[in-house]
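Understanding the architecture of this molecule
Residue strings, one per chain:
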Amino acid sequence: MHDKTVVELSAALSRGEFSSEELTRACLQRVAALDERLNSFITVTEAQALAAARAADARIGAGEAGPLTGIPFAHKDIFCTRDVRTSCGSRMLDNFIAPYDATVTQKLAAAGAVMIGKTNMDEFAMGSSNETSFYGPVKNPWNTATVPGGSSGGSAAAVAARLVPVSTGTDTGGSIRQPAALCGITGLKPTYGRVSRYGMIAFASSLDQGGPFARSAGDAALMLGAMAGFDPRDSTSVDRPVDDYSATLDDSLEGLRIGLPKEFFGEGMDARSAAAIEAALEEYKKLGATLVDVSLPHVGYSVPVYYVVAPAECSSNLSRYDGVRYGHRAAGAKDLEEMYKRSRGEGFGAEVKRRIMIGTYALSAGYYDAYYLKAQQVRRLIREDFLNAFADVDVIMGPTSPGVAFALGEKAGDPVSMYLSDIYTIAVNLAGLPGMSIPAGFADGMPIGLQLIGNYFEEARLLNIAHRYQQVTDWHLQAPAGFE
Amino acid sequence: MALEAPQVEKIAHLAMLDITAADIPEYARNLSDILAFVEHLEEVDTTSVVPLAHPLDAVQRLRADEVTEADEREAFQAHAPLTEAGLYLVPKVIE
């Protein structure tokens, strides 16, 4: 049953082929048997999962089930889960038992989905390889000597390895789309404001957005439908009805205009990835789409803009970790300043400290205009580039990542080289647009992702475009050896 | 712009981060690399461009000034490193 989609599992549950408790036990057994090779989970919540599964079975028996009722899933360990450790991949929060649920946690629980655990991630979501986690790196199920991508690496690896059918992630600069690409699965970052950030531990608040991982666009549609919606507890949540993402999956793509930014197809892209993207575009032409050349002249500045804006917001957001109210406190400090500095020095890892220091510097007296203000100005130009392109096209396509999964340790000592692995995804966060990554082929046995970028709130259209491609290709159905 | 050790120490102080002397050269090198990379932004003419604070140019939503959350002080303080009589304890600040 572990290779079935949510759509198939839900039908089997309602027919009584097996119970949610049986399905949940099967997932827990796969985690117990296989996760040693991947390290994709930080915490497994067996007792709570079985209780939730029994409640779901009662709901199914009473004829009150929705499409996610009884479906096991995993939360990225950035979403607060009441009475369950919520570590954010950091020593700072290793002892933090969340006293409340994130809105996304509440919504998935209300839909009857069964959380089986919390997945590994880069510390405070800062990383592109899942190597900055306090709990050790996650391995890519396609080749355990390579990274799964980051920061939502555990959630992506767990879905790719068929430990769970779906999971949650967050995307600040590519942290859903890049690991989805590197692990060969489907990932969606919604429009900024579509999914509530309440209870989702903050990294860079003007960029952070939660979204789903799945093995098909159809499953991602079900997850997003449950996760999305206005939340008065998130001041940047958008008050706008949620579309029925499943209803339009099969719509025709006849006449679809696909924009290809020339800046995404230049130097820097791996030749094998380029060939896979070309082949995917040919499939879209067969489905009735037209390819249109577009330009995003400022998109090349996305990574430098991001590495001012995100660290600046992170230095502010992470100032709350002071060893006073919760989280790690250093022992034996003789005064308050020493207590702050040592608690933070011990609680945070090297990459988090680097970003806090870059942000602190960019916001410090005399440098604010040169760095932060300048970056926010260029950010507007990047957004205008996208708006200009969307005047002429329905969707923008290109690679998700410059290449396939890289070796563990390959980029760990060189922050700038690591940052450049998000070169195609970061602009989407800066503009606040929705984006997806779907499997589009392999190079040397490693998955390649195709990125789809939509206009604001066009998640339904993106899922439709992804779904139609998945009806005529089988890249998304491939399973890594040893995890079939 | 290349950062020197004293600047790294000052930034670490402003960020309330204890870093070891042995780590300072690597931080100086990493932070300088990142800043050199960020300085590419100077190539862009941003005269009269309004900074973008929110991707949808939304403004802060206001709500009525009413109590909406329950008092959960005890539950929250259960996670604190040190409390007494409903207060958070820290090392002595004033002699």
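Cut-offs and rules
- Residues numbered from 1 in each chain as written.
- Chains lettered and ligands numbered in written order.
- Predicted model: local features only at pLDDT ≥ 70, side-chain atom pairs only at ≥ 80, totals over all residues.
- Heavy atoms only, no water.
- Patch = residues over 30% accessible without salt bridge, like charges linked within 9 Å, V, L, I, M, F, W, Y side chains within 5 Å.
- Areas by Shrake-Rupley, 256 points an atom, 1.4 Å probe, with all protein chains shown as cover.
- Salt bridge = Lys/Arg side-chain N within 4 Å of Asp/Glu carboxyl O.
- Helix = DSSP H or I, 4+ residues; strand = E, 2+ residues; numbered from the N terminus.
- Buried < 20%, exposed > 50% of the residue type's maximum accessible area, 1.4 Å probe, protein only.
- Lys, Arg positive; Asp, Glu negative; His and termini not counted.
- Polar contact = N/O pair within 3.5 Å; in protein donor to acceptor, adjacent residues only side chain to side chain.
- Contact = heavy atoms within 4.5 Å.
- Buried area = accessible area lost by both parts, 1.4 Å probe.
- Nonpolar A, V, L, I, M, F, W, Y, C, P; charged D, E, K, R; others polar.
- Axes fitted to C-alpha atoms, helices over the stretch in contact; angles between N-to-C directions.
- Parallel < 35°, antiparallel > 145°, perpendicular 65-115°, else oblique.
- Pairing = 2+ DSSP bridges.

To continue, consider a nonpolar patch on the surface. Nonpolar side chains collect at one region of the surface, where Val90, Val93 and Ile94 of chain B lie side by side and expose about 300 Å² of accessible area between them. The topology assignment puts Ile94 of chain B in the segment after strand S2 (87-88).

All names here are of chain A. Within the secondary structure, Asp219 sits in helix H7 (residues 217-227). Within the buried core, Asp219 has no salt-bridge partner, and the shortest N-O distance to an opposite charge, that of Arg215, equals 6.1 Å. There is a polar contact of 3.3 Å between the side chain of Asp219 and the backbone nitrogen of Val7. Setting aside anything within four residues of it in sequence, one finds Asp219 in contact with Thr5, Val6, Val7, Val166 and Ala214.

On to helix H5 (residues 153-160) of chain A, then. Residues and elements named next belong to chain A. Within H5, 8 of the 8 residues are buried, which leaves it mostly tucked inside the rest of the structure. Considered for burial, the residues of H5 that qualify are Gly153, Gly154, Ser155, Ala156, Ala157, Ala158, Val159 and Ala160. Summarising the contacts, the buried residues of H5 are in contact with strand S1 (41-44), strand S2 (72-76), strand S3 (114-119), strand S4 (166-170), helix H6 (177-183) and strand S6 (210-214). Just beyond H5, the residue with positive phi is Arg162, at close to 60 degrees.

Across the contact, 52 residues belong to chain B and 70 residues belong to chain A. When chain B packs against chain A, the two sides together hide about 5,400 Å² of surface, and 68% of this comes from carbon and sulfur. Our count for the contact surface shared by chain B and chain A stands at 2 salt bridges. Our count for the contact surface shared by chain B and chain A stands at 23 residue pairs in polar contact (both at pLDDT 80 or more). At the level of secondary structure, the elements contributing two or more residues to the side of chain B that touches chain A comprise helix H1 (5-14) and helix H2 (24-38) of chain B. Sorting elements by how many residues they give to the side of chain B that touches chain A places H2 of chain B first, with 8 residues. In terms of residue class, the side of chain B that touches chain A is built from 34 nonpolar, 7 polar and 11 charged.

This paragraph deals with the packing of helix H11 (residues 350-363) of chain A against H1 of chain B. Between H11 of chain A and H1 of chain B, the least distance of the axes is 9 Å, while the angle of their chain directions is 95 degrees. The orientation of H11 of chain A with respect to H1 of chain B, classified from their angle, is roughly perpendicular. Residues Met357, Thr360 and Tyr361 of chain A of H11 of chain A lie in contact with H1 of chain B, whose contacting residues are Val8, Ile11, Ala12 and Leu14 of chain B. A class-by-class count of the residues in the contact of H11 of chain A with H1 of chain B yields 6 nonpolar, 1 polar and no charged.

Time to look at the side chain of Ser128 of chain A. Residues and elements named next belong to chain A. On the secondary structure map, Ser128 appears in the loop between S3 and H5. Polar side-chain contacts of Ser128 include one of 2.8 Å to the side chain of Asp422. Once you skip the residues sitting within four places of it in the chain, Ser128 turns out to touch Asp122, Gly149, Gly150, Gln178, Phe406, Met418, Ser421 and Asp422.

On to the pairing of strand S10 (residues 435-443) of chain A, then. All names here are of chain A. Within S10, 8 of the 9 residues are buried, leaving the element largely enclosed by the surrounding structure. Here strand S5 (residues 186-189) runs beside S10; their pairing, made up of 3 bridges, is antiparallel. From the neighbouring strand, Lys189 faces S10, where its bridge partner is Gly435. Note: S10 against strand S11 (residues 446-454), 7 bridges, orientation antiparallel. Across the sheet, residue Met436 finds its bridge partner in S11, namely Leu452. Between S10 and the antiparallel strand that follows it, S11, lie 2 residues; Asp444 among them carries a positive phi value of about 50 degrees.

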